[in-house]
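# A look at the structure
Residues per chain are reported as follows:
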Amino acid sequence: MNIICSKQKLQDGISIVTKAITGKTTMPVLEGIYIQATKEGLTLIGSDMDVSIKTKVEAEVLKEGSIVIDSKIFSEIIRKLPNSDVKIEISENDLVQISCEKSVFNVVFMNAADYPSLPSINEELSVEVPQNLLKNMIKGTSFAIAQDETRPILQGILFEIKDKNLNLVALDGYRLAIKSEYLDNDFDLDIVIPGKTLNEVAKILEDSELLVNITFTNNHILFNL
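Residues numbered from 1 in each chain as written. Predicted model: local features only at pLDDT ≥ 70, side-chain atom pairs only at ≥ 80, totals over all residues. Heavy atoms only, no water.

Moving on: the nonpolar core. If you look at the biggest cluster of nonpolar residues, it comprises 28 residues, and the most contacted ones within it are Leu10, Ile35, Leu44, Phe74, Ile88 and Ile98. Those residues in contact with Leu44, other than ones at most four positions away along the chain, are Leu10, Gly13, Ile14, Val17, Ile33, Tyr34, Ile35, Ile53, Lys54, Thr55 and Val57. (Core = buried A, V, L, I, M, F, W, Y, C linked by side-chain atoms within 4.5 Å. Buried < 20%, exposed > 50% of the residue type's maximum accessible area, 1.4 Å probe, protein only. Contact = heavy atoms within 4.5 Å.)

What follows is the structure, given as structure tokens:
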């Protein structure tokens, strides 16, 4: 793998995917960021198996390949580099070399083949919602989720589509928060999504009317923006 990428674009991508890396895992590979370089650019993935975030970053790919690199080390190195182009390549001694202007770092990386694959999502059942609307709905309900781990269902937010309305509901046994907005969609659906997950989604959503595509399966939900 051999790529050249703007420091700022790379740092933005890292800050997005690290939201899914908790460090609370028995799999060391999940403490890293999966980096894949193809002709289309750079793909970064962070995951803790419950939440996975994938983002794409513009980059000049001189040689394709994929690695996993420790997220804390990688993010700290990139953050402290000067605002210039960053070159990342695998050196002959099985280290990944990160260089920018006069700075050069050699870091041990992990085998990308050991990184768990993301679940396949059937994109037939999906809805589109403006990002700012969904962000406000999450913020208007997530404060009411339960903190008590003995009742996991109350640590989630009910995501319901019914009678052309999108409803988000959270409660902790003492208080109840409901946000409802019109949604031009004919199917009915009700699922419970972990509040922690939705709060991370809200951090990524923009305050704009650009659409986020939400896709559902039996046990996964995909936010595509």
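Here we come to a nonpolar patch on the surface. Residues Leu171, Leu176 and Ile178 make up a contiguous nonpolar surface patch of about 280 Å² in total accessible area. Tracing the backbone shows Ile178 in strand β13 (residues 176-182). (Patch = residues over 30% accessible without salt bridge, like charges linked within 9 Å, V, L, I, M, F, W, Y side chains within 5 Å. Areas by Shrake-Rupley, 256 points an atom, 1.4 Å probe, with all protein chains shown as cover. Salt bridge = Lys/Arg side-chain N within 4 Å of Asp/Glu carboxyl O. Helix = DSSP H or I, 4+ residues; strand = E, 2+ residues; numbered from the N terminus.)

Time to look at helix α1 (residues 7-17). Those residues of α1 not exposed but buried are Lys7, Leu10, Gly13, Ile14 and Val17. Along the axis of α1, the buried positions cluster into a sector of 130 degrees, meaning they face one direction only. The elements touched by buried residues of α1 are β1 (2-6), β2 (32-38), β3 (41-47), β4 (52-57), α2 (71-80) and β7 (85-90). (Arc of directions from axis to C-beta.)

Turning our attention to the sheet that holds β13. Either a parallel or an antiparallel arrangement is found when strands of a sheet pair, and the pairing is made through backbone hydrogen bonds. The sheet built from 4 strands is open, its strands ordered β13-β12-β11-β14 with antiparallel pairing. Each edge of the open sheet is held by one strand with a lone partner, namely β13 and β14 (189-194). Between one strand axis and the next, the sheet turns through 15 degrees on average, direction left out of account. Note: strand β11 (residues 156-162) against β14, 6 bridges, orientation antiparallel. Looking across to β14, one finds that Leu158 is bridged to Val192. On top of the sheet, helix α3 (residues 131-139) reaches β11, β12 (165-171) and β13; it is set at about 165 degrees to β13, its chief contact. Relative to β14, helix α4 (residues 195-204) is tilted by about 85 degrees, and along the sheet it contacts β11 and β14. (Pairing = 2+ DSSP bridges. Axes fitted to C-alpha atoms, helices over the stretch in contact; angles between N-to-C directions.)

Okay, the pattern of salt bridges next. Per the stated rule, a full pass over the model turns up 10 salt bridges. With a closest N to O distance of 3.8 Å, Lys196 and Asp48 form a salt bridge. Linking Lys196 in helix α4 with Asp48 in the loop between β3 and β4, this pair joins segments that are 148 residues apart in sequence. The partly exposed category is assigned to Lys196, whose relative accessible area is 49%.

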